[in-house]
Amino acid sequence: DVKVTQSSRYLVKRTGEKVFLECVQDMDHENMFWYRQDPGLGLRLIYFSYDVKMKEKGDIPEGYSVSREKKERFSLILESASTNQTSMYLCASSLWTAGDNNEQFFGPGTRLTVL
Amino acid sequence: GQQLNQSPQSMFIQEGEDVSMNCTSSSIFNTWLWYKQDPGEGPVLLIALYKAGELTSNGRLTAQFGITRKDSFLNISASIPSDVGIYFCAGPAGANNLFFGTGTRLTVIP
């Protein structure tokens, strides 16, 4: 069974703290993605990665960075957390494709609260 | 830029009723995906459509790929309480990425 896991389901941090969100997939997928989800705004892409050590900015990368040192692991980093980064964070993975078969598989999400 | 409009934004229905929701795109898609997100969980893929006019079922769910390739529809028959959640449509956004609709939040009243 395909699986994407995220290190925490709930996280509470203070403003200014450095925050690491970890995501691991066991499907040998090339692509991995980080989204944030806010009421009324749907899913917004923060960063994605097509391969180890590769990263691409999504629609809202400001205030975030990522790391992909191993194929199965994609980390999202908040260098200095702010209250406007309180959100649900979703990780996803997919096989690399030259066509339009872009099915992504999601983790359970991390609900981050920044106080 | 690309726009993906999903409607309705929310629905309140009685258990046993049928549900219809749709998604329209400002450009042609070659794939339509439908996801469901249970409260507090990540989205799960329900149905994938790859051909214009295609009609695909998954249990009580049926999805259609519109002939114009700019729209897709999801129907749920005989709704039950566990159908509650947010339903998202999605389509390709360049190589290996997806656009997501803003979701339809479904509430089923027992």
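Refer to the preceding data block for the structure.
Calculation rules
- Residues numbered from 1 in each chain as written.
- Chains lettered and ligands numbered in written order.
- Predicted model: local features only at pLDDT ≥ 70, side-chain atom pairs only at ≥ 80, totals over all residues.
- Heavy atoms only, no water.
- Contact = heavy atoms within 4.5 Å.
- Buried area = accessible area lost by both parts, 1.4 Å probe.
- Salt bridge = Lys/Arg side-chain N within 4 Å of Asp/Glu carboxyl O.
- Polar contact = N/O pair within 3.5 Å; in protein donor to acceptor, adjacent residues only side chain to side chain.
- Helix = DSSP H or I, 4+ residues; strand = E, 2+ residues; numbered from the N terminus.
- Nonpolar A, V, L, I, M, F, W, Y, C, P; charged D, E, K, R; others polar.
- Pairing = 2+ DSSP bridges.
- Axes fitted to C-alpha atoms, helices over the stretch in contact; angles between N-to-C directions.
- Disulfide = S-S within 2.5 Å.
- Buried < 20%, exposed > 50% of the residue type's maximum accessible area, 1.4 Å probe, protein only.

Draft legend 1. Highlighting the interface of chain A and chain B. In this assembly, 23 residues from chain A lie in contact with 23 residues from chain B. Of the roughly 1,800 Å² buried between chain A and chain B, counting both surfaces, carbon and sulfur atoms make up 48%. Linking chain A with chain B are one salt bridge. One salt bridge in this structure joins E41 of chain B and R9 of chain A, with 3.2 Å as the shortest N-O distance. Applying the counting rule to chain A against chain B returns eight residue pairs in polar contact (both at pLDDT 80 or more). Of all the elements in the fold, those that place two or more residues in the side of chain A that touches chain B are β4 (31-38), β5 (42-49) and β9 (87-94) of chain A. For the side of chain A that touches chain B, a count of residues per class yields 12 nonpolar, eight polar and three charged.

Draft legend 2. Fine view of the sheet that holds strand β1 (residues 4-7) of chain B. All names here are of chain B. Pairing in this open sheet of five strands is antiparallel, and the strands run β1-β3-β8-β7-β6 from one edge to the other. Edge positions in the sheet fall to β1 and β6 (55-58), since each of these pairs with one other strand and no more. Across the sheet, the mean angle separating the axes of adjacent strands is 15 degrees when strand polarity is ignored.

Draft legend 3. Local environment of the sheet that holds strand β8 (residues 73-78) of chain A. Residue and element names in this part refer to chain A. Taken together, the four strands give an open sheet; going across it, the order is β1-β3-β8-β7, and neighbouring strands pair in antiparallel fashion. The open sheet is flanked by β1 (4-6) and β7 (65-70), the only strands paired with a single partner. Within this sheet the neighbouring strands show an average axis-to-axis angle of 20 degrees, counted without direction.

Draft legend 4. Structural detail: the state of the cysteines. What the rule picks out here adds up to two disulfides over all chains. In this model C23 of chain A forms its disulfide with C91 of chain A; the gap between the sulfur atoms is 1.9 Å. Across the S-S bond of C23 of chain A and C91 of chain A the torsion is about -80 degrees, and the bridge reads as left-handed. With C23 of chain A in strand β3 (residues 19-25) and C91 of chain A in strand β9, this pair connects stretches of sequence that are 68 residues apart. On the basis of relative accessible area, C91 of chain A is assigned to the buried category, the value being 0%. Paired through a disulfide, C23 of chain B and C89 of chain B show a sulfur-sulfur distance of 1.7 Å. In this pair, C23 of chain B sits in strand β3 (residues 19-25) while C89 of chain B sits in strand β9 (residues 85-92), placing the two residues 66 residues apart along the sequence. Each member of the pair C23 of chain B and C89 of chain B is classed as buried.

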